[in-house]
Amino acid sequence: MIRTRRSLGFALLTIVAGVVGWFASFELLNERIKTLIDPTYTPMCDFSVLVSCGPNMASAQGSTFGFPNPILGVTMFVAPLVVGVSILAGAQFAHWFWRLYLLGVTFAISFVIWLISTSVYVLGTLCPWCMVVWVVTIPLFWYTLLYTAKEGHLWLPEGARKKAETLYSWSWVLVLASYLTVAVIAQVTLDWVTELIRAF
């Protein structure tokens, strides 16, 4: 029952992350298309000098691979959605599939970390839809890493697998610590709390 319940929880988290991440990426892509059609268009996610997605989309970092970054999100967030629904349907994947999926999620969190550092230290802005993507990618990474480890899909000795199983129950702590780290870095560099107070 414990394993079934945890698999169910993992599946639901993965589905939610996929849906929310896809929607945020789609909205960001939609805003980017509107700015390309009409250069005078002001994105709906531009709330202030600090909280704005326009500068991020127009920057070179906004098209890291030669096309708008949201295209990656719209494409890649389909994967966790499919994986989560498949688990609910009773599907069981081979070890190689989980390793490949974890590789994709690891690429996602690595890219997000780079985007966070770019937003904070280079562009000096916090893009609302981008932050939504950050918020769902962080737990998606931690839970996927520990889930694949505890389920024996990685090349780990039995002892390490048992530790991963224990850590999986505390994944929320790793997620919370990651959120707090980003919040503190952004506060020290951009003072977003003051901006939030001014807004209200």
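Preceding this section is the structure that the text describes.
Residues numbered from 1 in each chain as written. Predicted model: local features only at pLDDT ≥ 70, side-chain atom pairs only at ≥ 80, totals over all residues. Heavy atoms only, no water.

## Quick word on the side chain of R32
Part 1 of the reasoning: For R32, the position within the fold is in helix α1 (residues 2-37).
Part 2 of the reasoning: With residues near it in sequence (within four places) discarded, R32 still touches M57, A58 and P68. (Helix = DSSP H or I, 4+ residues; strand = E, 2+ residues; numbered from the N terminus. Contact = heavy atoms within 4.5 Å.)

## With respect to helix α8 (residues 171-190)
Part 1 of the reasoning: Across its 20 residues, α8 extends 28 Å between first and last C-alpha, which sits within 8% of the 28 Å expected from 1.5 Å per residue.
Part 2 of the reasoning: Burial in α8 covers these residues: S171, V175, S178, A186 and L190. Take α8 and look down its axis: the buried residues cluster within an arc of 65 degrees, on one side only. Summarising the geometry of α8, the exposed residues directed more than 90 degrees from the buried face are L180, V184 and V188.
Part 3 of the reasoning: At the C-terminal side of α8, D191 shows a positive phi close to 55 degrees. (Expected span 1.5 Å × (residues − 1). Buried < 20%, exposed > 50% of the residue type's maximum accessible area, 1.4 Å probe, protein only. Arc of directions from axis to C-beta.)

## A short note on the pattern of salt bridges
Part 1 of the reasoning: The full count for this structure, using the stated rule, is two salt bridges.
Part 2 of the reasoning: Ionic pairing is found between E31 and K34, a salt bridge with its closest N-O pair at 3.9 Å. Here E31 and its partner K34 are both found in helix α1, three residues apart, which amounts to about one turn of the helix.
Part 3 of the reasoning: Using a relative accessible area of 2% as the deciding quantity, one classes E31 as buried.
Part 4 of the reasoning: Across the salt bridge formed by K150 and E151, the nearest N and O atoms sit 2.6 Å from each other. The exposure classification of K150 matches that of E151, with both residues buried. (Salt bridge = Lys/Arg side-chain N within 4 Å of Asp/Glu carboxyl O.)

## A short note on a nonpolar patch on the surface
Part 1 of the reasoning: On the surface, W22, F23, F26, V78 and V82 cluster together into a nonpolar patch covering about 430 Å² of accessible area.
Part 2 of the reasoning: For the nonpolar patch, the secondary structure elements donating two or more residues are α1 and α4 (78-88).
Part 3 of the reasoning: Considering each element in turn, the nonpolar patch owes the most residues, three residues, to α1.
Part 4 of the reasoning: Here V82 is to be found in helix α4. (Patch = residues over 30% accessible without salt bridge, like charges linked within 9 Å, V, L, I, M, F, W, Y side chains within 5 Å. Areas by Shrake-Rupley, 256 points an atom, 1.4 Å probe, with all protein chains shown as cover.)

## Thoughts on unusual backbone geometry
Part 1 of the reasoning: The backbone phi angle of D191 is positive, close to 55 degrees, even though this residue is not glycine.
Part 2 of the reasoning: Tracing the backbone shows D191 in the loop between α8 and α9 (192-199).
Part 3 of the reasoning: Since its relative accessible area comes to 33%, D191 is described here as partly exposed.

## Thoughts on the packing of helix α6 (residues 128-150) against α8
Part 1 of the reasoning: Following both chains from N to C, one finds α6 and α8 inclined at 145 degrees, their axes separated by 9 Å at the closest point. Remark: the crossing between α6 and α8 carries right-handed chirality. On α8, the residues touching V135, I138, P139, W142, Y143 and L146 of α6 are S171, W172, L174, V175, S178 and Y179. (Axes fitted to C-alpha atoms, helices over the stretch in contact; angles between N-to-C directions. Left-handed = near helix turned anticlockwise from the far one by under 90°.)

## Considerations on the packing of aromatic side chains
Part 1 of the reasoning: For the structure shown, the criterion picks out 19 aromatic pairs.
Part 2 of the reasoning: With a centroid separation of 5.8 Å and 75 degrees between ring planes, the pair formed by F93 and W98 is classed as edge-to-face.
Part 3 of the reasoning: According to the relative accessible area criterion, W98 is buried, its value standing at 3%.
Part 4 of the reasoning: Plain terms: the ring middles of Y147 and Y168 are 6.1 Å apart, the flat faces sit at 55 degrees to each other, and that makes the pair tilted. Note that Y147 is positioned in helix α6 and Y168 in helix α7 (residues 158-168), a separation of 21 residues in sequence. (Phe/Tyr/Trp six-rings, centres within 6.5 Å; stacked < 30°, edge-to-face > 60°.)

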